[in-house]
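# Chain and residue survey
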Amino acid sequence: MKSIPQSSILGLGCDNPSTFAHIKEGDIVVDLGSGAGIDVFIAANIVKEKGKVIGVDITDAMLDKVRKNPEIHGYHNVEFRKGDIEEKIPVDDNSVDIVISNCVINLTEDKVNTFKEIHRILKPNGEGRLIISDVVTSKDVEKLSINEANWCGCIDGALTKDNYLDSIRKAGFTNIEILDEKLYMELEEDEEGQEKRQISSISIRAVKE
């Protein structure tokens, strides 16, 4: 953590996807929902000058803040781009070794399309893989019960684990593997006697064949 810009550390996320990604020197890595850039700079230190790390975010204010850091801190292998990861990730087809994301895809409405976009940009023939950390829920939330604050807080947009994995399969991925799973929080329900909803953090690996 001391080797990356300290302004990139906001204490957010639900795990560390770089731990599981087996990133190596020369890799092309894309971080979806890159925020202040913590996972981007961690990966950049691994891929070194032969590789490249692209952070993608939709928030102008965050991009304005983080785009100053590569030059200030001497990262010539880092770039930040604006993009809606549900609609069009601003990266060429079949060009990326690894896609990482940390507690972001739960915020999207169309998760299948998000995973299809990830599938599009990854290299084929087993070279490209996604390594994501995210949150899943023990039971789905009905649309009428969705709370806007809870959605922004990475809770009400979460899918069950089965539905999350199914979204990855529908996008065309194979060899889907759960790398880590742990309880993140437990929510009190509004109605007495209801089973508490459990939110778990999960890290997943999948391959583009």
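Description of the structure in this document. (Residues numbered from 1 in each chain as written. Predicted model: local features only at pLDDT ≥ 70, side-chain atom pairs only at ≥ 80, totals over all residues. Heavy atoms only, no water.)

### What about the packing of aromatic side chains?
The tally for this structure, following the rule as stated, stands at three aromatic pairs. One aromatic cluster is present, formed by Phe 41, Tyr 75 and Phe 80 through successive ring pairs. (Phe/Tyr/Trp six-rings, centres within 6.5 Å; stacked < 30°, edge-to-face > 60°.)

### Quick look at the sheet that holds strand S2 (residues 52-57)
Strand order in this open sheet of seven strands is S3-S2-S1-S4-S5-S7-S6, and the pairing throughout is mixed. Looking at strand neighbours, the two that pair on one side only are strand S3 (78-82) and strand S6 (174-187), the edges of this open sheet. Taken pair by pair, the neighbouring strands of this sheet meet at an average axis angle of 20°, ignoring direction. As paired elements, S6 and strand S7 (residues 197-207) share 10 bridges and run antiparallel to each other. Residue pairing in the sheet places Asp 180 in a bridge with Ser 203 of S7. Contacting strand S1 (28-32), S2, S3 and strand S4 (98-102), helix H2 (residues 38-47) crosses the sheet at an angle of about 170° to S2. (Pairing = 2+ DSSP bridges. Helix = DSSP H or I, 4+ residues; strand = E, 2+ residues; numbered from the N terminus. Axes fitted to C-alpha atoms, helices over the stretch in contact; angles between N-to-C directions. Contact = heavy atoms within 4.5 Å.)

### Quick look at helix H5 (residues 111-121)
For H5, the buried fraction is high: eight of the 11 residues fall into the buried class. Contacts from the buried residues of H5 go to S1, S4, strand S5 (129-137) and helix H7 (161-170). (Buried < 20%, exposed > 50% of the residue type's maximum accessible area, 1.4 Å probe, protein only.)

### A closer look at the pattern of salt bridges
As enumerated under the stated definition, the model contains 10 salt bridges in all. Close ionic contact of Lys 52 with Glu 79 constitutes a salt bridge, the shortest N to O distance being 2.8 Å. Of the two residues, Lys 52 is situated in strand S2 and Glu 79 in strand S3; the sequence distance between them amounts to 27 residues. By relative accessible area, Glu 79 is classed as partly exposed at 27%. For the salt bridge of Glu 181 with Lys 161, the shortest nitrogen-to-oxygen distance reads 3.2 Å. Of this pair, Glu 181 sits in strand S6 while Lys 161 sits in helix H7, and the two are 20 residues apart along the sequence. Judged by its relative accessible area of 38%, Glu 181 is partly exposed. With relative accessibility at 28%, the residue Lys 161 sits in the partly exposed group. (Salt bridge = Lys/Arg side-chain N within 4 Å of Asp/Glu carboxyl O.)

### With respect to the environment of Ser 201
The residue Ser 201 is located in strand S7 in this model. Residue Ser 201 is classed as buried on the basis of its relative accessible area, which comes to 2%. With 19 residues separating them along the chain, Ser 201 and Lys 182 place their C-alpha atoms 5.5 Å apart.

### Re the packing of H5 against H7
At a minimum axis separation of 8 Å, H5 and H7 run at an interaxial angle of 45°. Relative to H7, the element H5 lies oblique. The handedness of the crossing between H5 and H7 comes out as right-handed. Across the interface between the two elements, Lys 111, Val 112, Phe 115 and Lys 116 of H5 pack against Tyr 164, Ser 167, Ile 168 and Lys 170 of H7. Among the residues forming the contact of H5 with H7, the class breakdown is four nonpolar, one polar and three charged. (Parallel < 35°, antiparallel > 145°, perpendicular 65-115°, else oblique. Left-handed = near helix turned anticlockwise from the far one by under 90°. Nonpolar A, V, L, I, M, F, W, Y, C, P; charged D, E, K, R; others polar.)

### Description of unusual backbone geometry
Phi at Asn 94 takes a positive value of approximately 50°, unusual for a residue other than glycine. Structurally, the position occupied by Asn 94 is in the loop between S3 and S4. Since its relative accessible area comes to 41%, Asn 94 is described here as partly exposed. Within the chain, Asn 125 stands out as a residue other than glycine whose phi angle is a positive 60°.

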